[in-house]
Amino acid sequence: MIYIYRSNIIDALQSLASYDFQRIAWFDNDQGLCYSFYENIMDLFYDSGLNDALKASQIIFGKLADDALRDLESLVDKVHKENYTSGSFINAAEMQTIRDKAARALFLINVSTGEGSTVIMLEPGMAPPTA
């Protein structure tokens, strides 16, 4: 059984979709925010369990939302961030496309009923059961 942290996915998608958040958190700031594209992607796909579920072809949120997440992951995999400085990457056309796809995936997750899901959703602080 694959376990997913839904709220982590929501939070990571919100960060990935927000230019305003990135404009502050990706650079030195006086607001106590420190985040990066790489950290955002790790939170979204790996720390949440989403990558495992997508690779295993599980039904997570429903066909439309899951396809949007796969589309986003495919685009993220193609972006070679190391070719950019943070200042140029935030304004790159590829990053705007990533923001748009993240916003679409977030919308589809929020309207999804989760019917037919084959994963178990965990709340923050919950650990998957041990066998």
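We now turn to the structure provided with this report. Just so it is clear, the structure is predicted and the values come from calculations on it, not from any experiment.

Description of the overall build of the chain
Helix and strand counts for the chain come out as 7 helices and 2 strands. Going from N to C terminus, the chain has its helices and strands arranged as β-α-α-α-α-α-α-α-β. Taking 131 residues into account, the globule formula puts the C-alpha radius of gyration at 14 Å, and the chain, at 15 Å, falls close to it. Across its three principal axes, the chain shows a C-alpha extent of roughly 45 × 30 × 25 Å. Residues counted as buried form 37% of the 131 residues belonging to the chain. Long-range contacts, defined here as pairs at least 24 residues apart, represent 71% of the contacts in the chain between residues at least 6 apart. Entry remark: accessible area of the chain is about 7,300 Å², with carbon and sulfur atoms responsible for 53%.

Quick look at helix α5 (residues 63–78)
Compared with the 22 Å implied by 1.5 Å per residue over 16 residues, the 23 Å span of α5 between its first and last C-alpha is a close match. When α5 is considered as a whole, its buried residues turn out to be Ala65, Asp66, Ala68, Leu69, Leu72, Glu73, Leu75 and Val76. Buried positions along α5 lie against α1 (6–17), α3 (37–47), α4 (50–55) and α7 (93–111).

Re the packing of α5 against α7
The N-to-C vectors of α5 and α7 enclose an angle of 160°; their axes lie 8 Å apart at closest approach. Regarding the angle of α5 to α7, the classification is roughly antiparallel. For the pair α5 and α7, the crossing hand works out as left-handed. For the pair α5 and α7, contact is made by Leu64, Ala65, Ala68, Leu69, Asp71, Leu72, Leu75 and Val76 and by Glu94, Thr97, Ile98, Lys101, Ala102, Ala105, Leu108 and Ile109, respectively. Residues that form the contact of α5 with α7 fall into these classes: 12 nonpolar, 1 polar and 3 charged.

What to know about the side chain of Glu73
Residue position: Glu73 is located in helix α5. Leaving out residues up to four positions away in the same chain, Glu73 has contacts with Phe45, Asn51, Leu54 and Lys55.

Regarding the nonpolar core
In terms of nonpolar packing, the biggest core is built from 34 residues, with Leu13, Leu16, Phe37, Leu44, Leu72 and Ile98 touching the most fellow members. For this core, the secondary-structure elements that each account for two or more residues are α1, α3, α4, α5 and α7. Take this core: its biggest share by element is 7 residues, from α7. With sequence-adjacent residues up to four places away left out, Leu13 is seen in contact with Leu44, Leu69, Leu72, Ala102, Ala105, Leu106 and Ile109.

Some remarks on the packing of aromatic side chains
Per the stated rule, a full pass over the model turns up 4 aromatic pairs. Here the aromatic rings of Trp26 and Phe37 are separated by 6.2 Å at their centres, their planes lie at 75°, and the arrangement is edge-to-face. Here Phe37 lies in helix α3 and Trp26 lies in the loop between α2 (19–25) and α3, a separation of 11 residues in the sequence. Note on accessibility: Trp26 and Phe37 belong to one class, buried. Ring geometry for Trp26 versus Phe89: centroids 6.0 Å apart, planes at 10°, classification stacked. With Trp26 in the loop between α2 and α3 and Phe89 in helix α6 (residues 86–89), this pair connects stretches of sequence that are 63 residues apart. Assessed through its relative accessible area of 10%, Trp26 is described here as buried.

Conventions adopted
- Residues numbered from 1 in each chain as written.
- Predicted model: local features only at pLDDT ≥ 70, side-chain atom pairs only at ≥ 80, totals over all residues.
- Heavy atoms only, no water.
- Helix = DSSP H or I, 4+ residues; strand = E, 2+ residues; numbered from the N terminus.
- Rg over C-alpha atoms; globule rule 2.2 N^0.38 Å.
- Buried < 20%, exposed > 50% of the residue type's maximum accessible area, 1.4 Å probe, protein only.
- Contact = heavy atoms within 4.5 Å.
- Areas by Shrake-Rupley, 256 points an atom, 1.4 Å probe, with all protein chains shown as cover.
- Expected span 1.5 Å × (residues − 1).
- Axes fitted to C-alpha atoms, helices over the stretch in contact; angles between N-to-C directions.
- Parallel < 35°, antiparallel > 145°, perpendicular 65-115°, else oblique.
- Left-handed = near helix turned anticlockwise from the far one by under 90°.
- Nonpolar A, V, L, I, M, F, W, Y, C, P; charged D, E, K, R; others polar.
- Core = buried A, V, L, I, M, F, W, Y, C linked by side-chain atoms within 4.5 Å.
- Phe/Tyr/Trp six-rings, centres within 6.5 Å; stacked < 30°, edge-to-face > 60°.

Function cannot be read off these values alone, since they describe shape.
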